[in-house]
Amino acid sequence: MGFARTCSVALVGVEGVVVEVQADLEPGVAAFTLVGLPDKSLTESRDRVRAAVVNSGGEWPQKKLTVGLSPASVPKGGSGFDLAVACAVLGAAERIDPKVLADIVMIGELGLDGRVRPVRGVLPAVLAAADAGYEQVVVPECTAAEASLVPGVSVLGVRSLRQLIAVLTDEPVPMEEPDESGRPDPMLAGLCVPGTGIGTGLSDALDDTHGLDLADVVGQGPARTAVEVAAAGAHHLFLQGPPGAGKTMLAERLPAVLPRLTREEALEVTAVHSVAGMLPPGKPLVDIAPYCAPHHSATMQSLVGGGKGVPRPGAVSLAHRGVLFLDEAPEFSSRTLDSLRQPLESGHVVIARSAGVVRLPAKFLMVLAANPCPCGRHTLLGDGCECPPAVIRRYQARLSGPLLDRIDLKVVAEPVTRSELAGYGTRGESTQTVADRVRAARERAAARLTGTGWRTNSEVPGHALRTRWPADPGALDAAELDLERGVLTARGLDRVLRVAWTVADLAGHGRPTAQDVALALQLRTGISRGVPMAIGAPT
């Protein structure tokens, strides 16, 4: 009787569980049994592994073979177990020393010819292996850079099963023939899901070569101020205005204003995109804020996550640490929009399905854009709106009060005038100039919040803001009066105070002044408070 074991990783959402792959050979009729709660794609690995071993020069054992995946209570799926299953079988057949396999985690799909193909979710799988104390990981060669992002783990990238067998048995490593030049590498096909382009994951707008600059936005001074405040404090933003005013242009330029991700944040974002199959080939680490803009026909499952079996990341998780832009927000279904209320508060999504409960990260900056009415001409002069008042009310009511109460900044994007469009006025500030101020404001906030676990003003609870970092005496009088009048809720008052701290950080004030609070109220309620819609502008 022969027995061998090695390890692989089963992904549940963006978290991994180390699975022990055991192979047992017994005398009897040749058969291959796979146990341990595998799904259909994993069950098919029996045929892939047998063909890969034979075509790699190995001898398939003609005995009763049982492969067990432990713990058996965890659902397992995907083709990433192929490499571990093949090596466990070869270890049981004494082609490989079983002692060598025991402390190695193997991740990869096998082709029928023995090539090791990449799979999605390599980074979170290696992170789970490192957390479990494993120090050696074998992955496909083209994902070795992604796996190497995890510190303290020795990564071996292999291109074929033959190469791995040679390494484990101290034999000469064979050279694999390279693919024909000028043709796309078929080994990269497992990394991306077809149909995932701009607007569903990482945005090319963050690349300076694409020339998306805030200076290209004509006019829109108040909206530009709101974008700057949103980026500095990670506040949610609602832009309302007629078609063609520049709402989408502002949203597309917001990610470039955000600071680059820290190492910890970059690993979080990369793990989500790796699991979703949207990690760009050749870019193992995502260190820029992602931008996700789903169409208004998106379902609730595609927005917050879900799907058959174990839930998969949705748009809110793909926008983690970045921007989620919902253009034509009233066109989304009310049920879909209201599903955002929980992740907006908690920063994560908990999805319960029959296959299990998954917790996905979802700390994003949300930008909503909407027209004032179905035809979009309600606020335009000289171009009459034909929408009845009841239709306008129903259209605007599609954005529920509880959802809008979680939005910190509400700004009306005014129509662009002829003089602004002709370039007679002064050109707006560039993205780089605004990004420098945002970075300085975030550094002030980070210095103030050192040791608290909070990073931006939008994360600080209202009680802490009122007790530990109070505003100037009398600065909150107008906001408290709005609370008594019912203009603001208790949550709204806390959010006004958070925005006021962001305005103060941008203006270089030690703590919010009455003018900072007035600007925050103006951005929150849309009611004029007699202060300019600009940071640090004189009254």
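Described below are features of the structure shown in this document. Values in this document were obtained by computation on a predicted structure and should not be read as measured data.

The rules behind these values
Residues numbered from 1 in each chain as written. Predicted model: local features only at pLDDT ≥ 70, side-chain atom pairs only at ≥ 80, totals over all residues. Heavy atoms only, no water. Helix = DSSP H or I, 4+ residues; strand = E, 2+ residues; numbered from the N terminus. Polar contact = N/O pair within 3.5 Å; in protein donor to acceptor, adjacent residues only side chain to side chain. Contact = heavy atoms within 4.5 Å. Phe/Tyr/Trp six-rings, centres within 6.5 Å; stacked < 30°, edge-to-face > 60°. Buried < 20%, exposed > 50% of the residue type's maximum accessible area, 1.4 Å probe, protein only. Pairing = 2+ DSSP bridges.

**A word on the side chain of Ser458**
Inference 1: Relative to the helices and strands, Ser458 resides in the loop between helix H18 (431-448) and helix H19 (462-467).
Inference 2: At 3.1 Å, the side chain of Ser458 and the backbone oxygen of Ala234 are in polar contact.
Inference 3: Polar contacts involving the side chain of Ser458 include one to the side chain of Thr456, which spans 3.2 Å.
Inference 4: If near-sequence neighbours (up to four positions away) are discounted, Ser458 is found in contact with Gly233, Ala234, His235 and Arg498.

**So, unusual backbone geometry**
Inference 1: In this structure, the amide linkage connecting Ser70 to the following residue, Pro71, adopts the cis form with an omega of 10°.
Inference 2: Along the polypeptide, Pro71 turns up in the loop between strand S4 (64-70) and helix H3 (82-92).
Inference 3: Backbone geometry at Leu37 places phi at a positive 65°, although glycine is not the residue there.
Inference 4: Mapped onto the secondary structure, Leu37 falls in the loop between strand S3 (31-35) and helix H1 (40-43).
Inference 5: One non-glycine residue, Glu94, lies in the positive phi region at around 65°.
Inference 6: With respect to the helices and strands, the residue Glu94 is situated in the loop between H3 and helix H4 (98-101).

**Some thoughts on the packing of aromatic side chains**
The way to describe two aromatic rings as a pair is by their centre distance and the angle between their planes.
Inference 1: Inspection of the entire model under this criterion finds 3 aromatic pairs.
Inference 2: With centroids separated by 5.6 Å and ring planes inclined at 40°, the aromatic side chains of Phe32 and Trp60 adopt a geometry described as tilted. In this pair, Phe32 sits in strand S3 while Trp60 sits in the loop between helix H2 (45-55) and S4, placing the two residues 28 residues apart along the sequence.
Inference 3: For Phe32, a relative accessible area of 10% translates into the label buried.
Inference 4: The class of Trp60 is buried, set by a relative accessible area of 11%.
Inference 5: Considering the side-chain rings of Trp454 and Trp469, the 6.5 Å spacing of their centres and the 75° angle between planes classify their relative orientation as edge-to-face. Placement of Trp454 in the loop between H18 and H19 and of Trp469 in the loop between H19 and helix H20 (477-485) is noted, with a sequence separation of 15 residues between them.
Inference 6: According to the relative accessible area criterion, Trp454 is partly exposed, its value standing at 25%.

**What about the pairing of strand S12 (residues 323-326)?**
Inference 1: Here S12 shows no split at all, with Val323 and Phe325 on one side and Leu324 and Leu326 on the other all buried.
Inference 2: With 2 bridges joining them, strand S11 (residues 291-292) and S12 adopt parallel strand pairing. Bridging from a neighbouring strand, Tyr291 pairs with Val323 of S12.
Inference 3: The pairing of S12 with strand S15 (residues 365-370) spans 4 bridges and is classified as parallel. The partner of Leu324 across the bridge, within S15, is Met366.

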